[in-house]
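This is what each chain is made of:
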Amino acid sequence: MRCWLFFHRELAPDVPEAPEVQRFQQAASRAGIDLKVLQPRHFDLVVDSKDNWSAIYQGKALPKPDLIIPRTGSESDYFTLAVLRHFEKQGVAMVNGPAAVEAVGDKLQTLQILAGAGLPIPKTILGKFPIDVDVVERELGFPVVVKTLKGTRGDGVLLCADREQFNDLAKLLDGAKPGADFIFQQYIKSSHGRDVRVLVIDGKAVAAMERRSADGSFKSNISLGGVGTCFDPPASMAQLAGRVAQALGLDVAGIDILFDGDGYRICEANSSPGFQGLEKACGISVPDAIFDSMRHKLGLPARPRGSSWRRFLSSLRRPSASVRHSQSAKT
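Here's what I pulled together on the structure shown here. Since we're looking at a predicted model, the values are computed, not measured. (Residues numbered from 1 in each chain as written. Predicted model: local features only at pLDDT ≥ 70, side-chain atom pairs only at ≥ 80, totals over all residues. Heavy atoms only, no water.)

Things to note about the packing of helix 4 (residues 107–116) against helix 7 (residues 235–248)
Helix-helix packing is described using two parameters, namely the angle between the two axes and the distance between the axes.
Alright, step 1. Contact pair helix 4 / helix 7: the axes reach a minimum separation of 10 Å and the direction vectors enclose 110 degrees. Classified by the angle between their axes, helix 4 and helix 7 sit roughly perpendicular to one another. Once helix 4 is placed against helix 7, the crossing between them reads as right-handed. Here helix 4 contributes Thr110, Ile113 and Leu114 to the contact with helix 7, which in turn contributes Val244, Ala247 and Leu248.
Alright, step 2. Counted by class, the contact of helix 4 with helix 7 contains five nonpolar, one polar and no charged residues. (Axes fitted to C-alpha atoms, helices over the stretch in contact; angles between N-to-C directions. Helix = DSSP H or I, 4+ residues; strand = E, 2+ residues; numbered from the N terminus. Parallel < 35°, antiparallel > 145°, perpendicular 65-115°, else oblique. Left-handed = near helix turned anticlockwise from the far one by under 90°. Contact = heavy atoms within 4.5 Å. Nonpolar A, V, L, I, M, F, W, Y, C, P; charged D, E, K, R; others polar.)

Below, the structure is given as structure tokens:
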């Protein structure tokens, strides 16, 4: 299988997502997959009406791949999306496609799609200037969550405890006037500092991790010091995650789910989910799971499971690629 992985930066040690890209490289090497890591901005797009394959990268023509895996997530800009559309129109399979990547890159658009599909989300208001604190208090109450429309790993998210604190923030935002690039969201008290990341591949929940804040913060992101434990999701949660991915058109997704009493609410969806914590907690090779699923979907031969694969599995804490139960995840 010939595969391209799109990443927007150099694989430098200080790039948080670099280890995950390197995990794809390792998995591809074990499975005999020809994987190239490419930066979308290094392509030259040539568009015409002829039905010819066109891929020019750093001045050189590249042969057509079987699969493209974008790992640009919420940082997918117009040029990246244009490159994805270019190859989508030329019949290359993608995980995920440009429409899904673009929709999920905007948190409000994600929520609009999910609300339209009747899926449970926290009540949300789009920020505008001047900020009407009365509307926010009437519709959402306090505390209230404030988020930028684009952001990853917990960046651009904060909790305003009361009206006074929110007023201070509103004055700051009104003074800066950056545009309507943030949202106000209902605070789900029963999920303070706790959520579940569900990995969905081809419509199925294949692994899940409960994340808990280690310092009492309402954010549970592993990148911010949260602790992750393997979690056995109830059928209702697994089915909800699958429905979210389907509604958003995602072949591979990280769905973050909040606990809301006896039910759940969808916090966010990710088209390029981070998985370092998930792999350590659940003993799953996420790149291998993605490659296996896409081989099956594309009708390509199954990969060999040789000694290198067995050695890799034995190096993981739990040698299973399925969702496993952890007693520490139950509280």
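Some words on helix 1 (residues 18–31)
Alright, step 1. Between its first and last C-alpha, helix 1 extends 20 Å over 14 residues, near the 20 Å set by a 1.5 Å rise per residue.
Alright, step 2. Of the positions making up helix 1, those classed as buried are Ala18, Glu20, Val21, Arg23, Phe24, Ala27, Ala28 and Ala31.
Alright, step 3. Where helix 1 ends, the next residue or the one after it, Gly32, has phi of about 70 degrees, a positive value. (Expected span 1.5 Å × (residues − 1). Buried < 20%, exposed > 50% of the residue type's maximum accessible area, 1.4 Å probe, protein only.)

Topic: the nonpolar core
Alright, step 1. Counting 33 residues, the largest nonpolar core has Phe24, Ile69, Leu199, Leu278, Ile284, Ile290 and Phe291 as its most contacted members.
Alright, step 2. When contributions to this core are tallied by element, the ones reaching two or more residues are strand 1 (2–6), helix 1, strand 6 (67–70), strand 12 (194–201), strand 13 (204–212), helix 8 (276–282) and helix 9 (286–298).
Alright, step 3. The element best represented in this core is helix 1, accounting for six residues.
Alright, step 4. In this structure, Leu114, Val200, Leu250 and Ile266 belong to the second largest nonpolar core, which totals 28 residues. (Core = buried A, V, L, I, M, F, W, Y, C linked by side-chain atoms within 4.5 Å.)

Points about the sheet that holds strand 4 (residues 56–57)
Alright, step 1. Judged by pairing direction, the sheet is antiparallel, and its three strands sit side by side in the order 3-4-5 without closing on themselves. Both edges of this open sheet fall to strand 3 (43–44) and strand 5 (60–61), since each of them pairs with a single strand only.
Alright, step 2. Note: strand 3 against strand 4, two bridges, orientation antiparallel. Bridge pairing in strand 4 places Phe43 opposite Tyr57. (Pairing = 2+ DSSP bridges.)

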